Every structure is written in structure tokens, then in C-alpha cells.
Amino acid sequence: MKRPVRLEPGQKLVLTANRLLDGRTVWWGADGTWDSHIGRAAILDADEAEVALLRATEQAQRDGVVGVYDTAVQDVVPPEPVTVREKIRAHGPTVHPEFAVETEQ
Amino acid sequence: MSIPVGHYQYDRIDRDFLQARIAEFEGQVNRRLDGTLSEDEFKPLRLMNGLYLQLHAYMLRVAIPYGILDSRQLRKLGEIARRYDRDYGHFTTRQNIQFNWIRLEDTPAILRELAEVDMHAIQTSGNCIRNVTADEYAGAAADELVDPRVHAEILRQWSTLHPEFTFLPRKFKIAISGSPNDRVAARFHDIGILARPGEAGAPVFRIFVGGGLGRTPVIGEELFDSVREEHLLATLEAILRVYNAHGRRDNIYKARIKILVQAIGVEAYREAVEAELAQMDLERYRLTPEAVAAIRARFAVPLLEAPADADAVLAQQRRDDPLFDRWVRSNTHVHRDPGHIIATISLKPGGGIPGDATSAQIARLADLADAYSFGEIRITHLQNVVLGHVRKDRLRDLWLGLAEVGLAEANIGLIGDIVACPGLDYCALANARSIPIAQKLGARFADTALQAEIGALRINISGCINACGHHHAGHIGLLGVDKRGEEFFQLTVGGRAENGAAIGTILGAALPEDETVDAIARLVDCYLGRRESGETFLDTLTRLGHEPFREAAYETV
Amino acid sequence: MRLFELGERSAQVHDVLVTLAELAERDDARAVLLESADDPALLKPYLNRLDLVVLRFPVFRDGRGFTQARELREYLRFSGEIRAEGHILPDQAAFLRRCGVDSVVLPKDGNGDPALWEKQLRQFPVAYQRSVLPERSVGPGLRVEEAS
Ligand code: HEM
Ligand code: SF4
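Cut-offs and rules
Each chain carries its own residue numbering, running from 1 in the direction its sequence is written. Each chain is given a letter, starting from A, and each ligand a number, starting from 1, according to the order in which they appear as written. Given that this is a predicted model, residues contribute local features only at a pLDDT of at least 70 and side-chain atom pairs are listed and counted only at 80 or more, while totals for whole chains, interfaces and linings are drawn from all residues. The basis for every side-chain value is the complete set of non-hydrogen atoms in the structure, without hydrogens or water. Here is the rule: rings of Phe, Tyr and Trp (six-membered ring for Trp) pair when centre to centre is within 6.5 Å. Planes less than 30 degrees apart are stacked, more than 60 are edge-to-face, and the remainder are tilted. Secondary structure elements follow DSSP: runs of H or I of four or more residues count as helices, runs of E of two or more count as strands, with numbering from the N terminus. Each residue is assigned to one of three classes by its accessible area relative to the maximum for its type, calculated with a 1.4 Å probe on protein chains only: buried under 20%, partly exposed between the two thresholds, exposed over 50%. The rule for a charge over a ring is simple: NZ of Lys or CZ of Arg within 6 Å of the ring centre, and within 35 degrees of the ring normal. Throughout, a residue-residue contact means that at least one pair of heavy atoms, one from each residue, lies within 4.5 Å. Note on definitions: buried area is the accessible-area loss of two parts on being combined, 1.4 Å probe, summed for both. Here, a salt bridge means any Lys or Arg side-chain nitrogen found within 4 Å of an Asp or Glu carboxyl oxygen. Throughout this description, a polar contact denotes any pair of N or O atoms lying within 3.5 Å of each other; where both atoms belong to protein, one of them has to be capable of donating a hydrogen while the other can accept it, and for residues adjacent in sequence the pair is counted only when both atoms sit in side chains. Under the scheme applied, nonpolar residues are Ala, Val, Leu, Ile, Met, Phe, Trp, Tyr, Cys and Pro; charged residues are Asp, Glu, Lys and Arg; polar residues are all the others, including Gly. Should DSSP find at least two bridges between two strands, the strands are regarded as paired. For every element, the axis is a line fit to its C-alpha atoms; helices are fit only across the contacting stretch, and the angle between N-to-C directions ranges from 0 to 180 degrees. To estimate how far a helix should extend, the number of its residues minus one is multiplied by 1.5 Å. Here a donor is an N, O or S atom found within 2.8 Å of the metal, or within 3.2 Å if the metal is Na, K or Ca; sites may look incomplete because water is not among the atoms. Put simply, a residue is near a molecule or strand once any heavy atom of it comes within 4 Å of that molecule or strand.

Peer 1: Is there a simple way to explain the packing of aromatic side chains in this structure?
Peer 2: Two aromatic rings are characterised by how far apart their centres lie and by the angle between their planes. For the structure on display, the rule yields 16 aromatic pairs over all chains. Here the aromatic rings of Phe17(B) and Phe124(C) are separated by 4.9 Å at their centres, their planes lie at 40°, and the arrangement is tilted. You can see Phe17(B) sitting in helix H1 (residues 12-33) and its partner Phe124(C) sitting in the loop between helix H4 (114-121) and strand S7 (135-137), one on each of two chains. Note on accessibility: Phe17(B) and Phe124(C) belong to one class, buried. Linked through ring pairs, Phe167(B), Phe57(C), Phe60(C), Phe66(C) and Phe95(C) together constitute an aromatic cluster. Stacked on the ring of Trp101(B), the Lys or Arg Arg86(B) has its end atom at 3.8 Å from the ring centre. For the cation-ring pair, Arg215(B) lies above Tyr253(B), with the distance from its terminal atom to the ring centre recorded as 3.6 Å.

Here it is as C-alpha cells:
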């Protein structure tokens with residue numbers, strides 16, 4: 001079921017999922033590939049996101065990802081998710097700063 | 001290899017079965033990867049083998065049946081943490097261990113390693129009969145009437161890949177205890193079983209049904225007072241058959257057996273179960289004394305020998321060392337043998353993550369278990385570790401060994417012994433983070449002298465209404481809620497899981513995360529200021545009612 | 001429709017398959033379709049003339065069919081064919097067989113590969129609980145294997 005997207009001013013959308021093989025959080029890039037760094041995510045407006053979401057969902061099995069959905073971000077560089085949940089997905093568990101996604105290769 | 005103390009020893013048949021289960025799972029993974037199985041089809045199948053997909057990675061929940069392991073198994077868990085995870089594991093309130101950073105592609109290899117030490121992840125999740133839990137002091141406590149482990153093992157075996165009950169409306173949890181002091185939260189389980197001695201040596205079972213936490217907390221009701229051993233499995237089959245046929249499947253929040261029991265009433269449920277029993281071929285389901293004896297024979301009994309002065313040595317050491325004495329007071333329990341004692345090792349260091357243990361700590365616990373407790377380790381439903389049979393005169397050496405790896409915290413049953421679920425740091429269903437608030441509370445009350453002064457007080461924290469942290473059953477409970485993307489906590493007081501089980505009462509509107517710790521500190525101050533001598537937090541709460549506590553919590557808000 | 005036989009009983013083909021509600025009016029019906037919410041006990045008056053009971057699984061996670069099959073075998077002593085159809089997975093082959101189901105209508109997708117069903121039937125040499133099949137003990141304790 002698709003929720004209507006209500007974006008505040010200054011917000012855009014990114015697509016996210018988990019990788020099938022290792023479960024890691026991934027973000028959809030402009031070239032259609034998935035990357036674990038939100039900094040490489042394509043920043044989309046609502047219409048672009050709708051098209052991209054359809055395509056990415058269709059190709060999920062081939063791309064080796066599960067559970068594709070869109071989520072709101074602050075339109076800054078790198079994009080920063082709006083909700084606590086997505087911040088934690090983007091950056092790693094807050095209780096283990098040593099596992100921050102940013103510091104991974 | 002000698003038979004382990006405390007849990008069932010596998011034989012070749014059991015080991016072949018595990019290998020078959022791993023091969024089956026590996027096939028399922030391959031079918032998922034090649035697309036034959038959709039994610040919707042694969043998910044229930046992987047859950048049935050303990051594999052979740054969380055926020056950052058897969059999580060594997062490994063079964064620790066009735067919470068008991070031997071040192072070889074514990075060492076293996078440490079190795080798995082090191083090789084396949086990020087060097088730590090998380091012990092849960094259902095006496096299992098979870099690894100948080102697992103890769104799907106590694107799971108068959110991990111399962112093979114687990115099988116080397118007779119371990120598995122079977123039915124640690126999914127809508128099936130889950131890992132059976134039991135009293136963490138089983139076979140050791142002085143107050144025990146019946147050692148529940150043999151029957152817990154029988155239930156584990158009977159429920160393993162049960163052909164009829166593997167696709168139930170919802171998960172199904174069974175706990176069993178043989179002590180008049182309920183240490184398994186029997187009445188918060190789908191089925192809670194209390195064993196007591198019957199005639200001619202065989203136990204009889206009191207059976208509660210329809211308890212549970214989650215969105216709708218319910219205290220289980222007594223279904224039968226005295227089920228004979230030979231009819232134990234028949235009775236459970238009948239209870240589950242009624243549930244499988246009639247439990248709701250249209251709404252996952254109404255699918256647990258508790259909702260069915262509430263809807264039709266426990267009398268009607270009992271009649272339905274009796275109607276099943278009347279039609280069943282009871283001979284086919286009979287649990288024979290021979291089968292029980294055969295399973296019992298695969299448990300080793302510890303040879304409890306202690307010097308005559310063991311008790312005196314311990315008493316002297318306690319007088320000499322007040323720090324040790326404090327630990328003994330909070331972290332031990334009376335053993336049935338006067339020369340021995342039960343030691344509980346806290347996995348709740350002040351400011352730490354409740355239930356987490358590093359692979360180094362896990363390895364050390366295994367060594368200490370070998371040295372002090374017949375190589376046997378128990379995981380408690382409060383996320384701690386128990387060494388069940390420690391000689392009194394050697395207790396201090398154990399304590400010193402624990403201190404070397406930061407495991408000598410003297411806070412069992414005290415305010416620092418916080419139960420918390422993984423919460424939003426890991427869990428895909430969470431509304432709020434549970435661990436940071438547990439850490440802040442742990443740090444606030446880190447002083448063990450203060451903790452001893454406050455006395456018995458349990459804090460339980462859940463990151464969402466699913467209640468994995470048992471917040472309804474906490475003397476003080478915290479439930480994480482999401483208010484427009486921000487973390488808030490709802491406070492409850494007066495819950496308890498022990499004898500006289502009760503569901504906590506909500507104090508008032510949820511508090512912002514950054515005000516929660518102060519509010520709890522004021523609650524505790526209110527109790528300290530108004531308690532009469534000898535009163536615990538719950539006693540004072542019962543005497544005064546909620547109002548003074550509500551006022552204290554919301555004082556400055 | 002491709003059938004797969006889980007056991008020795010060979011699958012039968014029926015022209016007339018009726019619902020539980022229709023059964024009373026159709027004296028000629030020898031086969032009935034049970035939805036997962038249907039109570040098998042209602043078949044009691046018709047058991048003598050029924051050759052086949054088809055259990056429909058709306059989704060493989062809905063396990064009511066397993067209990068229906070056992071009730072048919074254990075309580076009603078139904079000795080005709082029980083068949084499962086709908087959304088079922090090869091991973092359920094042995095469970096179905098142990099609950100008394102004789103045959104399945106193979107799914108049309110990749111899960112309908114008979115080799116997968118065959119393999120799963122043979123996956124486990126023993127079981128830890130009694131089923132409706134004739135069984136004998138293996139080793140001490142609860143373990144059983146099929147008595148062939
Ligand atoms: C991290 C991933 C986890 C997920 C996705 C998860 C999911 C759930 C869900 C959905 C429920 C509610 C079920 C219902 O009431 O129908 C639940 C309840 C429960 N979970 Fe978890 N859980 C997780 C971790 C844990 C942990 C770490 C523990 C132990 C510390 C745990 C122990 C429990 C218990 C004891 C219940 C409670 C109540 C009951 O059975 O009525 N879970 N869990
Ligand atoms: S209570 Fe909620 S947040 Fe905590 S582990 Fe359970 S499902 Fe996750």
C-alpha cells in the first residue's frame with residue numbers, strides 16, 4: 001500500500017531497502033545501483049520517487065534487495081533522513097558509534 | 001565425552017536430525033536467492049529457523065532450550081560472535097542469544113558450527129511453538145519441588161517440527177517451572193506449566209493458558225489443576241488443536257491464544273479441550289514412564305561434594321570483605337545442598353547494554369563454568385547468567401575471576417538490573433530506542449551501595465507495544481512511543497511477573513526521552529522518602545496507591 | 001492440474017467436486033472441498049459416500065488444514081483420499097503427509113517442481129512426535145520413524 005507522501009519544505013525523498021545477501025541497509029543511486037552510504041543516494045522529488053519506486057520494486061529480485069520503500073530526507077548534502085528510525089538505518093546503531101556506516105570502507 | 005550436567009545429551013539420531021534441518025534450510029536459502037521463493041514465502045520459513053531481517057542486517061536467534069548450556073556450547077557461541085558477528089551477542093528474556101550482524105549467506109555455515117555442539121535455531125521465531133523456557137534455578141534451588149528440565153526437554157522434542165502446529169495463527173510460548181516461587185512468569189505465557197510431585201513419583205502439572213504481554217497484556221488463567229504426566233502431551237495437543245482451528249487469523253494483533261481465551265472464556269476453552277481429549281486416541285499420545293526415564297537418563301547429575309567447613313569459610317570471607325558480601329547478598333540464591341550456592345552473574349554493568357556480552361566475556365564465562373559449576377551455564381529470563389552449583393568455599397574465587405572481566409556487578413534484582421529489548425537501534429518494529437535509556441538509568445543508579453539501599457526494584461523497557469522488554473511486568477515499566485518522529489516513554493508502575501502476577505498501571509501521558517530518567521529518579525525518591533521500614537518499592541506503592549508516584553513523576557512537567 | 005502423491009494411496013480424479021454447503025443436495029457427489037474455516041465434523045453424515053476431501057489452503061501460512069486433516073483421520077476415521085490444494089509449499093510435504101494428506105495439487109510456479117516435494121518428503125529420517133501414520137520407536141525417548 002502506498003502512503004501519500006507529504007513533504008515539508010526543504011524535504012525530498014530517497015529510496016531504501018535491505019540487501020538480500022547480507023541484510024545491510026542500502027540506498028538507491030542515480031545510476032540504478034544500491035549503496036550502503038546514504039551520501040550516494042539519488043535525491044528525488046515526489047513524482048520522480050514514484051517512478052523510481054515502481055522500477056526498483058520490479059527489479060528487486062534481480063538487484064538482490066528486499067523491502068524497497070521511499071523515505072523523506074532533508075535536501076542537504078549528504079541527505080539526512082527525517083525520522084529517528086531512518087537516521088539509525090543510515091548511520092548505524094547509536095549505541096555503537098564504532099559501527100558507524102560512514103567509517104566503513 | 002561425558003554427559004553434560006543440566007541439559008539433554010544428544011545422540012546420533014538427534015544429530016542426524018539437526019543436519020537434515022540445516023540441509024533443508026540451505027535449500028530454502030538457495031531457492032530464495034534464485035527467486036523460486038518470494039520474500040513473502042521465505043520470511044516465515046527463515047523465521048522458523050530464527051533468522052530475522054532487522055534495520056542493519058539479519059539477526060540470528062539461537063535456541064538455548066530451557067536456558068541451559070554447557071561450556072563447550074558457550075565457547076562456540078563466543079566463536080560465532082567473533083567470526084560471523086561483531087564480537088558480541090545479546091542474551092534475551094526468553095533465555096536465547098541473538099546475533100545482530102549476520103549475513104544470510106553465512107547462516108548455513110553458522111548452523112553447521114552450532115550443530116557441532118548440538119545447538120540450533122529451530123523455532124526461535126515464527127508462528128510455531130517457540131523455544132521452551134524453564135526456571136533458571138532448576139535442579140539447584142532449595143525451594144524446588146520438581147526439576148522441570150526433563151519435561152522441558154520432552155516439550156522441546158515434542159514441539160520440534162510438529163506437523164500440525166508449525167503454521168499456527170501466531171507464535172506460541174510455553175514455560176515450565178517446578179518451584180512454588182514462579183521464576184518463569186508462567187502466567188504471562190501462552191501456556192504456563194507448574195509441576196509438583198504427584199503420587200508414585202511421577203509429577204502432576206497445573207496448566208495456565210492464555211497469558212501474554214504484547215499489545216494486550218493478559219494474565220493466564222488456570223485450565224487444569226492436575227494433569228497427570230502420561231496425559232501431558234495429549235493435553236497440550238488438545239489445547240493447541242483448539243487454538244489452531246479457532247484462533248483468529250484475520251488480524252495479527254488478535255491472533256494470540258489469549259484473545260481466543262478471552263473471547264470464549266476459559267470455561268468454554270476447557271470444554272473444547274475436553275471434547276478433543278474425548279475423541280483422541282489417548283494411548284497414541286501417552287507419555288510413557290519409559291520415555292520419560294530414557295530422556296532423564298541423558299541428563300547428568302552433578303556430584304555435589306563440599307568440605308564440611310564450606311559454609312563457615314564463606315561466612316568468614318563475607319565478614320572480611322564488605323564488597324564481596326554485598327555481591328553475595330544480591331547475586332546468590334539458596335542451593336538445595338548446604339555446601340553449595342547459586343550465583344547469578346549480572347550482564348547489567350552500570351551504563352552498559354543490558355544482556356550484551358562480548359566474545360571475550362563469553363569465553364571467560366565458559367572457563368569459569370568449567371572451574372566452578374560443572375561446566376554448566378544458565379541464561380535467565382532477566383538477561384543474566386547463572387552458575388548453578390558453586391561450592392561455597394570457592395565462591396569468592398569465582399567473584400574475583402568475574403571482576404577481571406567486568407562481570408562482578410552486585411545488582412541482581414536491584415534497580416540496575418534493567419531488562420531492555422533491542423529497540424530502535426536494531427529492531428525494524430521499534431518506535432523508540434530502549435538501550436540508551438537503559439544505559440542512562442544504569443549510569444544514574446550505578447552506585448551499588450545506593451542500589452542496595454533502594455532494594456528490590458525492577459525496571460523493564462520495551463521499544464514498542466510488542467513488549468519484548470516485558471514493560472507491563474516491570475515494577476517500573478517504560479514503553480517507547482513515537483510522537484511525530486520523536487521518542488517518548490510511557491511509564492507504568494506496579495507490574496510483576498512473579499507470584500501474584502500483575503500488569504502495571506499507566507501513570508500518565510508519555511514523557512519526552514530527555515525527561516524520562518529524571519522522572520524515574522523522582523519516583524524512586526518518592527519511595528525512599530515515604531517507605532516504612534522493611535518496605536520494598538512494591539510494598540510502598542501498594543500501601544500508598546499510585547497518586548503520590550504520579551505526582552512525583554510529573555512534578556516539573 | 002498436476003497432482004503429486006505424498007504416500008501410497010493413488011490420487012483419484014473426480015468430475016464433481018462440491019462445497020460443504022452443496023453436499024447435502026448432491027447425492028452423487030463423491031468429493032468435497034473444505035475451506036480452511038470449515039469444520040470437518042460436519043462431514044460426518046456423508047463420510048460413507050465420500051472418496052475424496054480436498055482441503056484448500058488460502059495461503060501456506062494458514063495451518064488450519066493440518067488440523068482438519070488430523071480430525072478427519074483421527075476423529076472421523078475417514079479412510080478415503082485427502083488432498084491439499086491452493087497456496088502450499090514443498091517445504092510442507094512431510095507435515096501434510098504426517099497429518100494424513102495423501103496428495104497435493106502442485107503449485108503452478110517454481111514451488112510445483114515434483115523433485116522439491118520428493119526431496120522434502122525424505123528430508124527427515126525421524127520425528128519427535130506421533131502422527132496419524134503407522135510408526136515405530138527409534139532409539140529411546142519420543143523418536144519415531146514410519147513403519148513401512
Ligand atoms: C529484535 C527483533 C525482535 C523482533 C522483531 C520482535 C518481535 C516481537 C513481536 C512482533 C512481538 C509481539 C507478538 C505478539 O504479541 O503477538 C514480540 C513479543 C515478545 N518478544 Fe520480541 N522481538 C524481537 C526481539 C526480542 C528480544 C531481544 C526479546 C528478549 C529480550 C524478545 C522477547 C519477546 C517477548 C518475551 C515477547 C512478549 C510477549 C509475549 O509473548 O506475549 N523479543 N516480539
Ligand atoms: S518491543 Fe518492539 S522494539 Fe522492542 S524488540 Fe520487541 S518489537 Fe522490537
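Peer 1: Explain the interface of chain B and chain A to me, please; I cannot follow it from the model alone.
Peer 2: Quoted interface sizes are often the accessible area lost when the parts come together. Across the contact, 30 residues belong to chain B and 21 residues belong to chain A. Area buried by chain B at its contact with chain A is led by Leu55(B), His56(B) and Arg86(B), which between them contribute 26% of it. Counting every contact that joins chain B to chain A gives zero salt bridges. The tally of links between chain B and chain A comes to 12 residue pairs in polar contact (both at pLDDT 80 or more). Per element, the largest residue contribution to the side of chain B that touches chain A is three residues, and it comes from helix H15 (residues 435-444) of chain B. Taken together, the residues that form the side of chain B that touches chain A break down as 15 nonpolar, five polar and 10 charged.

Peer 1: Please explain the sheet that holds strand S15 (residues 385-391) of chain B as it appears in this structure.
Peer 2: In any sheet, the strands associate via hydrogen bonds between backbone groups, in a parallel or an antiparallel arrangement. Residues and elements named next belong to chain B. Taken together, the five strands give an open sheet; going across it, the order is S3-S14-S15-S12-S11, and neighbouring strands pair in antiparallel fashion. Each edge of the sheet is formed by a strand with only one pairing partner; in this case those strands are strand S3 (68-70) and strand S11 (332-334). Across the sheet, the mean angle separating the axes of adjacent strands is 30° when strand polarity is ignored. Note that S3 and strand S14 (residues 376-379) share three bridges and pair antiparallel. Looking across to S14, one finds that aspartate 70 is bridged to glutamate 376. Against the sheet, helix H12 (residues 322-331) touches S11 and strand S12 (340-345), its axis set at about 90° to S12.

Peer 1: Any chance you could explain helix H17 (residues 513-530) of chain B here in plain terms?
Peer 2: Residues separated by three or four positions in an α-helix point in the same direction, a consequence of the helix having 3.6 residues per turn. Given a rise of 1.5 Å per residue, 18 residues ought to cover 26 Å, and the 27 Å separating the end C-alpha atoms of H17(B) matches this to within 8%. Along H17(B), the positions that sit buried rather than exposed are Glu513(B), Thr516(B), Val517(B), Ala519(B), Ile520(B), Ala521(B), Arg522(B), Leu523(B), Val524(B), Cys526(B) and Tyr527(B).

Peer 1: Can you walk me through the coordination of the iron atom of ligand 1 in this structure?
Peer 2: Each pair of donors in an ideal four-coordinate tetrahedral metal site encloses 109.5 degrees, whereas pairs in an ideal six-coordinate octahedral site enclose 90 or 180 degrees. Among protein residues, the single donor to the iron atom of ligand 1 is Cys468(B) (SG), with a metal-donor distance of 2.1 Å. In this structure, Cys468(B) sits in the loop between strand S17 (459-462) and strand S18 (476-483).

Peer 1: Got a minute to help me understand the site of ligand 2 in this structure?
Peer 2: Taken together, Cys421(B), Pro422(B), Gly423(B), Cys427(B), Leu429(B), Ala430(B), Ser462(B), Gly463(B), Cys464(B), Asn466(B), Ala467(B) and Cys468(B) form the complete shell of residues around ligand 2. The class makeup of the residues in the shell around ligand 2 is eight nonpolar, four polar and no charged.

Peer 1: What is the right way to read the pairing of strand S4 (residues 88-91) of chain B from this model?
Peer 2: Successive residues of a regular strand alternate their side chains across the two faces of the sheet. All names here are of chain B. Burial of the side chains of S4 extends over both faces: Tyr88 and His90 are buried on one face and Gly89 and Phe91 on the other. Both S4 and strand S13 (residues 356-358) contribute to a ladder of three bridges, which runs antiparallel. Pairing of tyrosine 88 across the sheet is with threonine 358, part of S13. Note that S4 and strand S5 (residues 97-102) share two bridges and pair antiparallel. Of the residues in S5, the one forming a bridge with histidine 90 is glutamine 98.

It is worth stressing that arrangement in space is one thing and function is another; only the former is reported here.
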